[in-house]
Amino acid sequence: MSNKTVLRVENLRIVYGNVEQPAVQDVSFKVKAGECVAIIGESGSGKSTLLRAIACLQSCDEGKILVDDQLLPDPMQLLVKGYAGIRYVSQDTVLPRLRTVEDMLRYELRYFHAEEQTLLVDQYLDIFSLQEFRDRKDTELSGGQKQRVALSLALASDAGLLVLDEPFNQIDVITREKVKEQLFSYFRSSGKTLIMVTHDALDALPWSDKIVVLRDGHLLQVGTPEKVYEKPVDMYVASLFGPVQLLSKKQLNDLLHIEWPNRCRYAGIRYNDVEHQLSKTKNAIQVKWIRSYYAGKQYKWLLQDATGGEWMVYAANKEPSNKMIYLHFPLSQIFFFK
Ligand code: ADP
Ligand code: MG
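First, a word on what this report is: a plain description of the structure on this page. Being a predicted model, the structure only gives us computed values, none of them experimental. For every chain, the first residue of its written sequence is number 1, and the numbers climb from 1 along that sequence. Chain letters start at A and ligand numbers start at 1, both assigned in the order the entries are written. Per-residue local features are limited, in this predicted model, to residues with pLDDT of at least 70; the limit for side-chain atom pairs, both in listing and counting, is 80 or more; totals at the level of whole chains, interfaces and linings are taken over all residues. Computation of side-chain values: all heavy atoms of the structure, hydrogens and water removed.

## Things to note about the overall build of the protein chain
From N to C terminus, the protein chain includes nine helices and 18 strands. Counting only C-alpha atoms, the protein chain reaches 70 × 45 × 40 Å along its principal axes. Accessible area is worked out with a 1.4 Å probe on protein chains only. A residue is then buried under 20% of its type maximum, exposed over 50%, and partly exposed in between. When the 338 residues of the protein chain are sorted by exposure, 48% land in the buried category. Here a residue-residue contact requires only that any non-hydrogen atoms of the pair lie within 4.5 Å. Residue pairs in contact within the protein chain that sit at least 24 positions apart in sequence constitute 64% of those at least 6 positions apart. By the criteria applied, helices consist of DSSP H or I runs no shorter than four residues and strands consist of E runs no shorter than two, each listed in order from the N terminus.

## A short note on the site of ligand 1
Residues in close proximity to ligand 1 include Tyr16, Val19, Ala23, Glu42, Ser43, Gly44, Ser45, Gly46, Lys47, Ser48 and Thr49, which together make up its full environment. For this analysis, a polar contact is any N or O atom pair within 3.5 Å, provided that within protein one partner can donate a hydrogen and the other can accept it, and provided that sequence-adjacent residues contribute only side-chain to side-chain pairs. At a separation of 3.1 Å, an oxygen atom of ligand 1 approaches a polar backbone atom of Gly46. Measuring from an oxygen atom of ligand 1, one finds a side-chain N or O atom of Lys47 at 2.9 Å. The Shrake-Rupley method, run with a 1.4 Å probe sphere, supplies the accessible areas, and residue values consider only the shown protein chains as cover. When the free accessible area of ligand 1 is taken as 560 Å², the share hidden by the protein chains comes to 56%. Whether a residue is near a molecule or strand is decided by its heavy atoms; if any one of them lies within 4 Å of it, the residue is near.

## A closer look at the coordination of the magnesium ion (ligand 2)
Each metal site is built from N, O and S donor atoms within 2.8 Å (3.2 Å for Na, K and Ca), and since water is not included, such sites may look incomplete. Within the first shell, the magnesium ion (ligand 2) binds the protein through Ser48 (OG) and Gln91 (OE1), at distances of 2.1 to 2.6 Å. With Ser48 in helix 1 (residues 47-54) and Gln91 in the loop between strand 6 (86-89) and helix 2 (101-108), the pair connects residues that are 43 residues apart, well separated along the chain.

## Overview of the environment of Gly46
With respect to the helices and strands, Gly46 occurs in the loop between strand 3 (36-40) and helix 1. Here Gly46 falls in the buried class, since its relative accessible area comes to 10%. Taking the C-alpha atoms as reference, Gly46 lies 5.3 Å from Ala23; in sequence the two are 23 residues apart. Filtering out sequence-adjacent residues up to four positions away, Gly46 remains in contact with Ala23, Val24 and Leu214.

## Here's the deal with unusual backbone geometry
Within the chain, Asp68 stands out as a residue other than glycine whose phi angle is a positive 50 degrees. Take Asp68: it is sitting in the loop between strand 4 (62-67) and strand 5 (70-71). Relative accessible area serves as the criterion here: at 38%, Asp68 is assigned to the partly exposed category. The backbone of Arg263 sits at a positive phi, close to 60 degrees, despite the residue not being glycine. Position of Arg263 among the secondary structure elements: in the loop between helix 9 (249-255) and strand 12 (266-270). Of the residues examined, Arg263 reaches a relative accessible area of 68% and is grouped as exposed.

Right, dumping it as structure tokens:
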């Protein structure tokens with residue numbers, strides 16, 4: 001990764017027609033060459049709108065976008081929307097019509113000599129497990145297969161900046177992990193820069209260099225995956241990465257013997273950080289098992305503490321052998337938010 005900034009988004013504001021609430025407002029961030037940036041947020045938070053603006057497909061009402069220090073033109077002023085060097089893959093995959101997968105790839109690789117082109121076509125078909133579909137046309141592919149083709153075309157294209165909207169949403173769970181692994185490891189050696197939208201924040205953690213969090217069109221936080229996961233700016237950001245157990249003032253005072261910090265409105269701990277055991281240890285919170293829920297490989301236990309507060313933990317067994325359980329977690333893992 002170099003230090004060169006390829007993309008600069010400055011004070012962006014986008015309002016749709018007669019909708020009062022802006023879809024994107026006051027959003028600014030930078031992307032460096034070679035970076036993988038994930039844009040996350042709940043549905044309707046403005047992720048796709050922001051991505052379309054970056055891909056020069058959506059006009060902005062205020063602010064600007066610079067790509068390689070060049071101001072992105074207003075797409076409304078262009079004969080053909082989009083910008084050279086930026087490849088956008090939409091949430092609903094659209095492929096070139098009436099061409100086979102192999103032909104689509106050959107078109108992206110048209111500037112290579114025939115021999116090299118053939119080698120590269122095979123390489124991209126392998127990366128996305130598409131060999132058996134090389135002679136199929138877009139109408140002969142499933143949603144997930146189309147999405148894999150679209151990703152292979154984007155990687156094979158000569159665009160330096162890839163802008164992908166929920167790139168794995170139609171790929172089945174079994175293939176998805178493999179495709180992700182392949183895409184990101186190949187991306188790292190490609191020299192390209194990647195911006196992707198995902199509604200699954202956990203998706204973003206292992207692969208991205210930077211995470212941009214949106215809510216209601218506002219930018220809430222920008223930072224490394226470690227920063228955004230470990231030091232979320234508020235409960236919304238914390239909750240994007242898995243359930244958070246809210247803690248009341250009474251729970252904090254009576255059970256953990258901690259003073260409620262000044263001006264703090266919320267306290268919470270990630271389910272993931274709470275461990276349970278059947279024997280009492282120092283600083284453990286005693287809770288009573290109420291009921292269990294089946295959650296796939298494990299069970300979720302609903303528990304209740306002495307203040308009446310409810311807890312949820314994951315456990316291997318359907319029910320505990322003893323109804324009294326002890327919870328513990330590092331106090332440093334408690335989030336406090338204003
Ligand atoms: P996300 O991708 O995060 O789900 P979007 O960018 O699609 O969010 O949408 C952001 C907001 O803008 C939402 O409130 C959505 O309803 C609204 N919106 C999206 N597209 C349009 C449109 N074409 N016209 C009016 N409102 C829209
Ligand atoms: Mg979207």
